[in-house]
Amino acid sequence: MATFLYKLGRLAFRRRHFVALIWVALLTLAGVGAANAPAAGASSFSIPGTEAQKAFDLLEQRFPGMSADGATARVVFKAPTGEKMADKANKATVEKTVKALEDGSEVTSVTDPFKAKAVSKNGSIAYASVKYKVSGMELKDSSKGALEAAAQQARDAGLTVEVGGDALQATPETGSTEVIGIAIAAVVLVITFGSLIAAGLPLLTALIGVGIGVSTITALASALDLGTTTSTLAMMIGLAVGIDYALFIVSRYRAELAEGREREEAAGRAVGTAGSAVVFAGLTVVIALVGLSVVNIPMLTKMGVAAAGTVAIAVLIALTMIPALLGYAGRKVQPAGQKSRLLGGGRAAKNASRPNMGTRWASFVVRRPLAVLLLGVVGLGAAAVPAASLELGLPDDGSQPASTTQRRAYDLLSDGFGPGFNGPLMLVVDAKASDDPKGAVTRVADTVKDLKGVVSVTPATYNKPGDTAMITVIADSKPSSVKTENLVHTIRDAGGDIKADTDAQVLVTGSTAMNIDFSQKLNDALVPYLALVVGLAFLLLIVVFRSILVPLKAALGFLLSVMAALGAVVAVFQWGWLANLIGVEQTGPIMSMMPIFMVGVVFGLAMDYEVFLVTRMREAYVHGEKPGQAIVTGFKHGARVVTAAAVIMIAVFSGFIGSSESMIKMIGFGLAIAVFFDAFVVRMALVPAVLALLGKKAWWLPGWLDRALPNVDVEGEGLRKMGDGRPRNEDDDRELARV
């Protein structure tokens, strides 16, 4: 591996014009494709194998043309203070609005609030339901514009009007904090390298890689049904790992220059050593992201594969474009320990012989490993305590910012009709096998009406043959509550008894039931997913480190950091601790996909630091140093760079906390805090402490397994057999000629 990458690095350095041209061409091609592609909306949502999805599929068959997954809108009206919706002027305004809503070419139906009895008990709030032929993702701008115009006309007439539902999907805004995150990354790079040119290379290559990845996703979004969240996630992860991977190779290049090697040779050795770590670190991230497909939820699979593709691009750019750009930079990239002319006049750093911070910290941990280990474990354990109170759900309009019309419509409906009105349950009764279909449907309605927690049950709507019916159930609790989840399970349990007596099958669906099934499916898949991803990565790390205990320690450390990160997410987004500080307006259940998503992404990112830091220790140990000294050597060369990489990744992820979409905000915070815990507590403290306690046992590998495993040579042992790459003097040339 190291020898192949060494040759690749030298080739890219020499053929830099060709390499740069290829990547610029790919970026241009992806950009043109994205510019000419149709705009993407929110990805369609389906959960194969769940009861809610089976009910939706059944509705498509038995109610043709109904568009069960079509977009919906609820236009909510509120009368001025002291007035009623039934007042003549207000009623006329509502009827005029309903008529305007019916004119759309994509509109299937519009309900009149007064005919449908959709007026609150106190008479101050009413709503009109609008049903469309297509999903919110496919809805034309003209239809959205007509909806907004009709609402505005009613506002102009003196009513308070808000629009809920998925017809008007709010476009996520990341805000200025994303740019601030990149700016912080740039500052950290300048401090790390002491050079503007060297600092600019990782930023440039990361932006090119993310540009190619996100543009490709945008170009394929319509064809592959990729939502806006997919590209945001790919940008978030691609930018973070792209900067980090380039950072490690540029740092190693400067270290090789400091040892006196020529620039082409230094580029080759940097790619051969640090590049090997980049390849395996990238593989762990890709495994974790692609592994999300085992959950069998299309939306999650697409998000994972798209992000994995961006990570793969980041790895390829780091291995090829970085050495090419180093060739262009020439002497503007100084050896390690020297500053650029702009920042330090080309002078060597002060106190170059003094041990750096990484050396001093590692020496301390090696002397006090047990104390550091206990302190770190107790600290992470305390941070993980809130995770025991984890409640899962999916964001709805109630989690939108208070400034959006969707949130205001949600609040108005809750005030006028009760909290459960925003998440009605839809019962689909398949009575095709029943001898008395209508009798079976009547029994279902009567049974559900008597259940605790049910406010109302609407009359059944039958299909043309009369063998299938839809019934809407309103709960007395909000859609995301545990009480509503229990009601869904109660209805499904009662449906089992009804089927035994009448042969009619009762299926519960609707957005609320879909969210409940989604959460359950993710919970069921968490353990298999964890076993798959950790298992594959464990095998990969055995190959990299030639050890059993080092990969085991890496996996256990990851579990500590991810549990601590989940605890922090619960404390902020569910309990409300410091929620105002990061703009969390509505606390509630944690997004259902957060645990499994954090397990996947954080594991991949955690292994990055494990590979980068421990390969340096392994390299020192293989080259003859004692275990304790190898730990110090690894920190001497790697701690500064790993620290910079972690700060950069935290800054990039934190930039997405400013997003207006609750899911992106939660993911940004969760990944940022997870990287902090993993990099600075687990990898910087627990890893050296455990390795110091294990000593030589840390690098133990059974002989039979050592012989069976392929030798990937991550440490670059094969490169030591080559020339050292230092410039030859005249005596060397004469000696070579004589030979």
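Refer to the structure printed above.
Here the structure is a predicted model, which means the values were calculated and not measured.

Rules and cut-offs
- Residues numbered from 1 in each chain as written.
- Predicted model: local features only at pLDDT ≥ 70, side-chain atom pairs only at ≥ 80, totals over all residues.
- Heavy atoms only, no water.
- Helix = DSSP H or I, 4+ residues; strand = E, 2+ residues; numbered from the N terminus.
- Buried < 20%, exposed > 50% of the residue type's maximum accessible area, 1.4 Å probe, protein only.
- Core = buried A, V, L, I, M, F, W, Y, C linked by side-chain atoms within 4.5 Å.
- Contact = heavy atoms within 4.5 Å.
- Axes fitted to C-alpha atoms, helices over the stretch in contact; angles between N-to-C directions.
- Parallel < 35°, antiparallel > 145°, perpendicular 65-115°, else oblique.
- Left-handed = near helix turned anticlockwise from the far one by under 90°.
- Nonpolar A, V, L, I, M, F, W, Y, C, P; charged D, E, K, R; others polar.
- Pairing = 2+ DSSP bridges.
- Salt bridge = Lys/Arg side-chain N within 4 Å of Asp/Glu carboxyl O.

Asks: Which residues make up unusual backbone geometry, and what are the values?
Replies: At K117, a residue that is not glycine, the phi angle is positive and equals roughly 55 degrees. Mapped onto the secondary structure, K117 falls in the loop between β2 (107-110) and β3 (125-132). Even without a glycine there, the phi angle at N296 is positive, about 65 degrees. Inspection of the secondary structure puts N296 in the loop between α9 (263-290) and α10 (298-329). With a relative accessible area of 42%, N296 lands in the partly exposed category.

Asks: Which residues make up the nonpolar core, and what are the values?
Replies: Across soluble globular proteins, nonpolar side chains show a tendency to be buried alongside one another. Counting residues in each nonpolar core, the largest one holds 194 residues, and the members touching the most others are Y245 and L427. If one sorts the elements of this core by residue count, helix α21 (residues 662-694) sits on top with 19 residues. Setting aside chain neighbours within four positions, we find L427 in contact with V444, V448, A469, M470, I471, V473, I491, V506, L507 and V508.

Asks: Residue-level account of the packing of α9 against helix α17 (residues 511-545), with values.
Replies: Closest axis-to-axis distance for the α9/α17 pair is 10 Å, and the angle between their directions is 165 degrees. It follows from the interaxial angle that α9 and α17 lie roughly antiparallel. In the crossing of α9 with α17, the sense of the turn from one axis to the other is right-handed. In contact with F280, L283, T284, I287 and A288 of α9, α17 contributes Y529, V533, L536, L540 and V544. A breakdown of the residues in the contact of α9 with α17 according to their chemical character gives 9 nonpolar, 1 polar and no charged.

Asks: With reference to specific residues and values, describe the sheet that holds strand β4 (residues 160-165).
Replies: Taking strand neighbours across the sheet as the criterion, the 4 strands line up as β2-β3-β1-β4 in an open arrangement whose pairing is antiparallel. Whereas interior strands pair on both sides, the edge strands pair on one side only; in this sheet they are β2 and β4. When strand polarity is set aside, the average angle formed by the axes of neighbouring strands in this sheet is 20 degrees. Here β2 pairs with β3 via 3 bridges, running antiparallel. Looking at the pairing, V110 lines up with V130 of β3. The sheet contacts of helix α5 (residues 141-156) involve β1 (72-78), β3 and β4, and relative to β4 the element is tilted by about 155 degrees.

Asks: Can you explain the pattern of salt bridges? Please cite residues and give values.
Replies: Pairing of side chains with opposite charge becomes possible as their charged atoms draw close. Enumeration according to the criterion identifies 18 salt bridges in this entry. Here E256 and R252 are joined by a salt bridge, their closest N and O atoms 3.1 Å apart. Here E256 and its partner R252 are both found in helix α8 (residues 228-258), 4 residues apart, which amounts to about one turn of the helix. The exposure class of R252 is buried, given its relative accessible area of 10%. Taking the shortest distance from any N to any O, the salt bridge between D476 and K483 comes out at 3.4 Å. Using a relative accessible area of 45% as the deciding quantity, one classes K483 as partly exposed. Salt bridges sharing common partners tie together R10, R14, E264, E265 and R269.

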